Amino acid sequence: MSDFVSSFWSLYIAGITVISMVWVALFLKTQTTRRLASGEKAELIEKAWDGDLQELNNPLPRWWLWLFYLTIVFGVVYLALYPGLGSYKGMLDWSATGQWQQEQTKANAQYGPIFDKYLKQDLKVVAADPQAREMGQRLFLTYCSQCHGSDAAGARGFPNLTDHDWLYGGDPETIQASITNGRAGVMPALGAALGVQGTKQVANYVLSLSESKHDATLAAAGRDKFATYCAACHQADGKGTQAMGAPNLTDKVWLYGGSEATIIETITKGRNGHMPAQLDKLGPAKVHLLAAYVYGLSQGK
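Calculation criteria
- Residues numbered from 1 in each chain as written.
- Predicted model: local features only at pLDDT ≥ 70, side-chain atom pairs only at ≥ 80, totals over all residues.
- Heavy atoms only, no water.
- Helix = DSSP H or I, 4+ residues; strand = E, 2+ residues; numbered from the N terminus.
- Rg over C-alpha atoms; globule rule 2.2 N^0.38 Å.
- Buried < 20%, exposed > 50% of the residue type's maximum accessible area, 1.4 Å probe, protein only.
- Contact = heavy atoms within 4.5 Å.
- Lys, Arg positive; Asp, Glu negative; His and termini not counted.
- Charge placed at Lys NZ, Arg CZ, Asp CG, Glu CD.
- Salt bridge = Lys/Arg side-chain N within 4 Å of Asp/Glu carboxyl O.
- Disulfide = S-S within 2.5 Å.
- Expected span 1.5 Å × (residues − 1).
- Bend = angle between axes of the 7 residues up to and from the residue.
- Axes fitted to C-alpha atoms, helices over the stretch in contact; angles between N-to-C directions.
- Parallel < 35°, antiparallel > 145°, perpendicular 65-115°, else oblique.
- Left-handed = near helix turned anticlockwise from the far one by under 90°.
- Nonpolar A, V, L, I, M, F, W, Y, C, P; charged D, E, K, R; others polar.

1. Concerning the overall build of the protein chain
If you tally the helices and strands in the protein chain, you get 12 helices and 2 strands. Reading the protein chain from its N terminus to its C terminus gives the helix and strand order α-α-α-α-α-α-α-β-α-α-α-α-β-α. Radius of gyration (C-alpha) of the protein chain: 34 Å, far over the 19 Å computed for a compact globule of 301 residues. For the protein chain, the spread of C-alpha atoms along the principal axes amounts to about 105 × 55 × 45 Å. Residues counted as buried form 32% of the 301 residues belonging to the protein chain. For the protein chain, the share of sequence-separated contacts (at least 6 apart) that also reach a separation of at least 24 residues comes to 59%. Between the averaged position of the 26 positive side-chain charges in the protein chain and that of its 26 negative side-chain charges there is a distance of 2 Å.

This is the structure we're talking about:
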């Protein structure tokens, strides 16, 4: 990796850029035909085709040539002012990062007081404020909809945020903690411990907990195995543990799917869910607004 950050590559790129521009200018010059004198006929380059079709060495229009030269001059000026020649930063010392920081500073000065106003309010109060909901929705569409969908109804492996089923809890403070610090949910793979038949038995017992279609004989055989391998997280009654993010298995809400085949896959291979922390990216004020918006999504239902 050190080979690609050495000064050689900076000089290499700058050299190719300069040489290319000089070569283009020289090539354009060598291909420029002199103007014809009054009454002078253009040179015939090839013989005629089809009787009267000829190729003549007419000079190019001057305006057209000067456009080419102008682009070269523009390139020279641009590379002098802005980055482009290897590691050379340009006379203006411009960078995309610097421009982004300036825009952030300007935006914070303009919108910071609005965010701070809501930051001082209780989450439930913010969730009931129409302007705050509109701002929270924009934040959600920008930072959250890629996983949870623009309607917040979720997708396979990504929770629905519009219902009352919460892995870690749906109170405002817990939602804010989830957004602030992120979540890492792990379901260990139990296929090796249970075996093929044991996995099928536990899967049918899990289905029985929510009164879904299942094989009663297999479910009865899987009851003790569930108590041994699963109850520590999902509780003996299968209602889960929000402190651990272990889902309730007695309802019909499934994060990855509730068919026998999918449940067998989950038990056999395990699951790994990751919710990235947003505090460093968004800051406390935007997290506060976003948490209030997410909380409000399920309150209408």
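2. With respect to the side chain of S178
Take S178: it is sitting in helix 7 (residues 172-181). Contacts of S178, omitting those with residues within four sequence positions, involve Y168, R183 and M275.

3. Brief notes about the pattern of salt bridges
By the definition in use, this model includes 4 salt bridges. With its nearest N and O atoms 2.8 Å apart, the salt bridge here joins E134 to R138. Residue E134 and its partner R138 are located together in helix 5 (residues 130-143), separated by 4 residues, close to a single helical turn. Under the relative-accessibility criterion, E134 is labelled partly exposed at 42%. Note that R156 and E265 form a salt bridge whose closest N and O atoms lie 3.9 Å from each other. Of this pair, R156 sits in the loop between helix 6 (145-148) and helix 7 while E265 sits in helix 11 (residues 260-269); the two residues are 109 residues apart in sequence, bridging distant segments of the chain. R156 sits in the exposed class, given a relative accessible area of 52%.

4. With respect to the state of the cysteines
Under the criterion given, the structure shown has 0 disulfides. With no disulfide partner, C230 has as its closest neighbouring cysteine sulfur the one in C233, 8.5 Å distant. When its relative accessible area of 9% is taken as the criterion, C230 is described as buried.

5. As for helix 12 (residues 279-297)
Over its 19 residues, helix 12 runs only 21 Å from end to end, short of the ideal 27 Å by more than 12%, given 1.5 Å per residue. By the largest-angle criterion, A285 marks the main kink of helix 12, which is about 75°. Among the 19 residues in helix 12, 14 count as buried, and that is most of the element.

6. Here's the deal with the packing of helix 8 (residues 191-209) against helix 11
At a closest axis distance of 9 Å, the pairing of helix 8 and helix 11 adopts a crossing angle of 140°. In terms of their interaxial angle, helix 8 and helix 11 are classed as oblique. Helix 8 and helix 11 meet at a crossing whose hand is right-handed. In this structure, helix 8 uses G191, L194, T199, K200, V202, A203, N204, V206 and L207 to contact helix 11, whose residues at the interface are E260, I263, I264, I267 and T268. Looking at the contact of helix 8 with helix 11, its residues break down into 8 nonpolar, 4 polar and 2 charged.

7. Concerning the packing of helix 1 (residues 7-30) against helix 2 (residues 62-81)
Here helix 1 crosses helix 2 at 165°, and the two axes come no closer than 11 Å. Between helix 1 and helix 2, the angle is such that the two are roughly antiparallel. The chirality of how helix 1 crosses helix 2 is left-handed. The residues of helix 2 that touch helix 1, namely those facing T17, M21, V24, A25, L28 and K29, are L65, F68, Y69, I72, G75, V76 and L79. Partitioning the contact of helix 1 with helix 2 into residue classes produces 10 nonpolar, 2 polar and 1 charged.

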